[in-house]
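These are the residues of each chain, in order.
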Amino acid sequence: MSAFDLTPLLDLLPELLAGRPLVVLTGAGVSAESGLPTFRGPGGMWEGNRPEDLATPEAFARDPETVWRFYAWRLEKLRAASPNEGHRALARMERLLPRMTIVTQNVDGLHAAAGSRNVLELHGTLLVARCTDCESRFPAPEGPIPPLPRCRVCGAALRPDVVWFGEALSPATWSAASSAAEECAVFFVVGTSSVVAPASSLALLAARSGAYVFEINPEKTPIAPLAAGVFRARAAEVLPAIAAALQRGAA
Ligand code: APR
C-alpha cells in the first residue's frame, strides 16, 4: 500500500461540502485498474503502433479497416471491463457535493457506468459510432465488428465517435469544461500524463483562476509544479480515501 497524506486537502473539504465547485479531470490512469491499458504505459501500444499513428483522420482515410481493428480491440476490452473503486468513489463524491464536474479524456463510459452524472467527455465516446457522411450516430457495434461498419441510413463508412489527433473538440463541451475549470475552487488531475492539449491546459487555467490543484498519479507529470498537493498513489486508493473524508465531513 502506498503512503499518501491527505492533510493538504482536508481544510478544503468543508468548502466543497458547502457548495464551492470541484472539477476532476481524469485520464486513462483512472481506468487502468479496470484492466484498460493506458496509452503511454505498458500495453498501450497496439500491434506496434502508437495511438498518435492510428487515432487520426489521415490514418482512417488511408486505411479505415486497420483503424477499425484497433477500435474493435479496444471495444472488446471495454465490454469486459467494469468501473473500479476510483470511478465508484467519484460517483459517491458527486452525491455528497452540491457542485462537482468530471471532465474526462476517457472514451470508455466508465464514469457514467459507476453512477456519475455530471461528466464532460472531452474526447467523445467509444460506445457510439458516427457516419462519416450523414453524421447519424449509432451504438457501437456489439460482438464481432465487420471490417468496415457502414451507416444504416446512407451506406457510408462509420467511424468511432471519438476526437482524433488533429481534430477539434466539441465547442460546447470544451466551453463547459474551460468555464468549470475557471470557476472551480479545487481541481483534481487524476491519472493523466497531461501531455495532450487542450485537456492539459485545464489545470493551468484552474490554477491561474485561483483554484487549488491536486494531482493523483503514481508518476510525476508536468502538472506537479502547479499543484498545491500531490498524491503519488493509484486512483483506486486515493479517491476512496477522499470520498471517505468527505463522508465523515458530511455526517
Ligand atoms: N492511478 C492513477 N494514475 C495512473 C494509474 C493509476 N492506477 N496507472 C497509471 N496512471 C497514470 C500514468 O502514470 C500516466 O501519467 O495515468 C497516466 C496515463 O497517461 P496516458 O497513457 O498518456 O493517458 P492520458 O493522459 O489519458 O492520454 C491523453 O491521449 O492518446 C490520447 O486521446 C487519448 O485521451 C487520451 C489522451
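Residues numbered from 1 in each chain as written. Predicted model: local features only at pLDDT ≥ 70, side-chain atom pairs only at ≥ 80, totals over all residues. Heavy atoms only, no water.

Looking at the overall build of the chain
Check the secondary structure of the chain and you find 11 helices and 9 strands. Taken over C-alpha atoms, the radius of gyration comes to 19 Å for the chain, in line with the 18 Å a tight globule of 251 residues would show. By its C-alpha atoms, the chain is 55 × 35 × 30 Å across when sized along the principal axes. Within the chain, the proportion of its 251 residues that are buried is 50%. Accessible surface computed for the chain: about 11,500 Å², of which carbon and sulfur atoms make up 53%. (Helix = DSSP H or I, 4+ residues; strand = E, 2+ residues; numbered from the N terminus. Rg over C-alpha atoms; globule rule 2.2 N^0.38 Å. Buried < 20%, exposed > 50% of the residue type's maximum accessible area, 1.4 Å probe, protein only. Areas by Shrake-Rupley, 256 points an atom, 1.4 Å probe, with all protein chains shown as cover.)

Some remarks on the domain arrangement of the chain
Partitioning the chain into domains gives domain 1 (1-36 + 81-123 + 169-251) and domain 2 (53-80 + 126-162). The partner domain 2 presents 9 residues to the 8 residues of domain 1 that form the contact. Between domain 1 and domain 2, the buried area comes to about 580 Å², and carbon and sulfur atoms account for 58% of it. When the area that domain 1 buries against domain 2 is broken down by residue, the three leading residues are L36, A81 and V107, summing to 68%. Counting every contact that joins domain 1 to domain 2 gives 0 salt bridges. Split by residue class, the side of domain 1 that touches domain 2 holds 4 nonpolar, 3 polar and 1 charged. (Domains from an automatic or database assignment. Contact = heavy atoms within 4.5 Å. Buried area = accessible area lost by both parts, 1.4 Å probe. Salt bridge = Lys/Arg side-chain N within 4 Å of Asp/Glu carboxyl O. Nonpolar A, V, L, I, M, F, W, Y, C, P; charged D, E, K, R; others polar.)

Quick word on the sheet that holds strand β8 (residues 212-216)
Here 6 strands make up an open sheet; going across it, the order is β3-β2-β1-β7-β8-β9 and the pairing parallel. Both edges of this open sheet fall to β3 (119-121) and β9 (229-231), since each of them pairs with a single strand only. Across the sheet, the mean angle separating the axes of adjacent strands is 15° when strand polarity is ignored. Sheet strands touched by helix α7 (residues 85-96): β1 (22-26), β2 (100-104) and β7 (186-190). Its angle to β2, the strand with the most contacts, is close to 150°. The sheet contacts of helix α11 (residues 235-250) involve β7, β8 and β9, and relative to β8 the element is tilted by about 135°. (Pairing = 2+ DSSP bridges. Axes fitted to C-alpha atoms, helices over the stretch in contact; angles between N-to-C directions.)

Details of the pattern of salt bridges
Applying the stated criterion across every chain yields a total of 11 salt bridges. Its salt-bridge partner being R137, residue D161 comes within 2.8 Å of it at the nearest N-O pair. Of this pair, D161 sits in strand β6 (residues 158-162) while R137 sits in strand β5 (residues 137-139), placing them 24 residues apart in sequence. Taking the relative accessible area as the measure of exposure, D161 reaches 11% and is therefore buried. What you see here is one network of salt bridges that share partners, running through E33, R234 and E237.

Observations concerning the site of the ligand
As a matter of local geometry, the ligand sits amid 21 residues, with E33, F39, R40, T192 and S193 nearest to it. Within the backbone of A28, a nitrogen or oxygen atom sits 2.8 Å from an oxygen atom of the ligand. Top element by residues in the shell around the ligand is helix α3 (residues 28-32). It accounts for 3 residues. Residues belonging to the shell around the ligand are distributed by class as follows: 8 nonpolar, 9 polar and 4 charged. (Near = heavy atom within 4 Å. Polar contact = N/O pair within 3.5 Å; in protein donor to acceptor, adjacent residues only side chain to side chain.)

Topic: the sheet that holds β6
With antiparallel pairing, the 3 strands of this open sheet are ordered in space as β5-β4-β6. At either margin of the open sheet sits one strand with a lone partner, and together these are β5 and β6. Neighbouring strand axes in the sheet, compared pairwise and without regard to direction, differ in orientation by 45° on average. Strands β4 (124-131) and β6 of the sheet are contacted by helix α6 (residues 64-79), whose axis makes an angle of about 135° with β4.

Description of α6
Helix length check: α6 (16 residues) gives 22 Å between terminal C-alpha atoms against 22 Å at 1.5 Å per residue, within 8%. Burial in α6 covers these residues: P64, V67, W68, F70, Y71, R74, L75 and L78. Down the axis of α6, the buried set is contained in an arc of 155°. They therefore lie on one face. Along its buried surface, α6 packs onto α4 (51-54), α5 (57-62), α8 (110-114), β4 and β6. (Expected span 1.5 Å × (residues − 1). Arc of directions from axis to C-beta.)

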